[in-house]
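Overview (structure and organization)
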Amino acid sequence: MRVALLGLGLIGGSIARALREGTAGVGPFGGGDLEIAAWTPTQVGPRTALAAGSIDTVGRSIAEAVDGAAIVVLSAPPIAMAELLDELVVCRRSGRLTESAVVTDVGSTKRWIMAEASKRGLRFVGGHPMAGSHETGFSAADPNLFLGRPWVVVPGDRSGAGQALVEQLATACGARPVTMDAELHDTATAGISHLPLLLSAALAGSVALGPQASAANGWHVARLLASSGWSSATRLAHGSEEMGADLLVTNAAEVRVRLRALGDELDAWDSRLAAAERDPLGARADIRSRLTAVRKALEEEG
């Protein structure tokens, strides 16, 4: 079984390490015949992974990496994945990518990439492991990153038995495969992933780049005082700008729906705070009630 990873950062690298070091041994990804090949534009990650024993082959080209692969995993920003899909079409025409090979991805937007793959007639199954970090690169890869986490699987037009293979890949990495359509996935991730990214960037921008940032050394003083609350709220803003931009532009409509709902919520909070300015003790009960409602909603998740 040859697995080709096109992209070997946090997610691609964690897949390689999970298959090699973690829970491998499940289904077709177990046993001594597993071969992991990888390619990236710079080849830095694959060379590091090869030296660490996490992969077996560094493909000198995409064609060489996917040659004979049963499954190809795209691990790159969404827009860059379209270019990889074009390369795979060329590989299929040349015979380097077999007709039976399954192509999947690990991106956090699904409608866009599913449509792009369909245009090219590839045997594509969408995927999204619901795990990650703001850290990037193979050095951040963790063989336990996916343990117990959902791994969304989105069947494509020509999935066939490929869906089962992607589910087996997820299981071999220690994740729980969850079948879902692209629309439902993108609606959900707009709220729990993409809106938080936008808010993290907006919060950091409003404080570090906003009108009060330079007034009386505002940002200089604020960053000296910043602690865990600021770090937690702005963690996502430290991530890859390329990845963040691609996620937002490929799910813009759903994020805007969430953003408008957030705007309504913020307007309500502004009204509560205006009331607090006039009568702090009188407004306290309303503010506390809303905080309680939000906390209970979060506690009901489990």
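In case you missed it, the structure is sitting above this.
Attention in this report is confined to the structure presented alongside it. Note that the coordinates shown come from a computational prediction; the quantities given were computed from them, not determined experimentally. (Residues numbered from 1 in each chain as written. Predicted model: local features only at pLDDT ≥ 70, side-chain atom pairs only at ≥ 80, totals over all residues. Heavy atoms only, no water.)

1. A few points about the environment of P155
Within the fold, P155 resides in the loop between β7 (150–154) and α6 (162–172). P155 sits in the partly exposed class, given a relative accessible area of 35%. On a C-alpha basis, the gap between P155 and F124 in space is 7.7 Å, while along the polypeptide they are 31 residues apart. Discounting residues that sit within four places of it in the chain, P155 has contacts with M114, Q163, T179 and M180. (Helix = DSSP H or I, 4+ residues; strand = E, 2+ residues; numbered from the N terminus. Buried < 20%, exposed > 50% of the residue type's maximum accessible area, 1.4 Å probe, protein only. Contact = heavy atoms within 4.5 Å.)

2. Side note on the side chain of S75
Within the fold, S75 resides in the loop between β4 (71–74) and α4 (78–94). Within polar-contact distance, the side chain of S75 engages the backbone nitrogen of G12 at 3.3 Å. For S75, the residues in contact, after removing those within four places along its chain, are L6, G7, I11, G12 and V106. (Polar contact = N/O pair within 3.5 Å; in protein donor to acceptor, adjacent residues only side chain to side chain.)

3. A few points about the packing of helix α11 (residues 252–278) against helix α12 (residues 280–299)
Between α11 and α12, the least distance of the axes is 7 Å, while the angle of their chain directions is 155°. One element, α11, and the other, α12, form an angle in the roughly antiparallel class. Judged by residue contacts, E265, W269, R272, L273, A275, A276, E277 and R278 of α11 engage P280, A283, D286, I287, R290 and L291 from α12. Per-class residue counts for the contact of α11 with α12 are 8 nonpolar, no polar and 6 charged. (Axes fitted to C-alpha atoms, helices over the stretch in contact; angles between N-to-C directions. Parallel < 35°, antiparallel > 145°, perpendicular 65-115°, else oblique. Nonpolar A, V, L, I, M, F, W, Y, C, P; charged D, E, K, R; others polar.)

4. Comments concerning the sheet that holds strand β6 (residues 124–129)
Strand order in this open sheet of 8 strands is β3-β2-β1-β4-β5-β6-β7-β8, and the pairing throughout is mixed. With partners counted over all chains shown, the strands left at the sheet margins are β3 (57–58) and β8 (176–179), one partner each. Across 4 bridges, the pairing between β7 and β8 is parallel. Bridging across to β8, P150 finds its partner in R176. Sheet strands touched by α4: β1 (2–6), β2 (35–39), β4, β5 (102–105) and β6. Its angle to β4, the strand with the most contacts, is close to 155°. Relative to β6, helix α5 (residues 111–119) is tilted by about 160°, and along the sheet it contacts β5, β6 and β7. (Pairing = 2+ DSSP bridges.)

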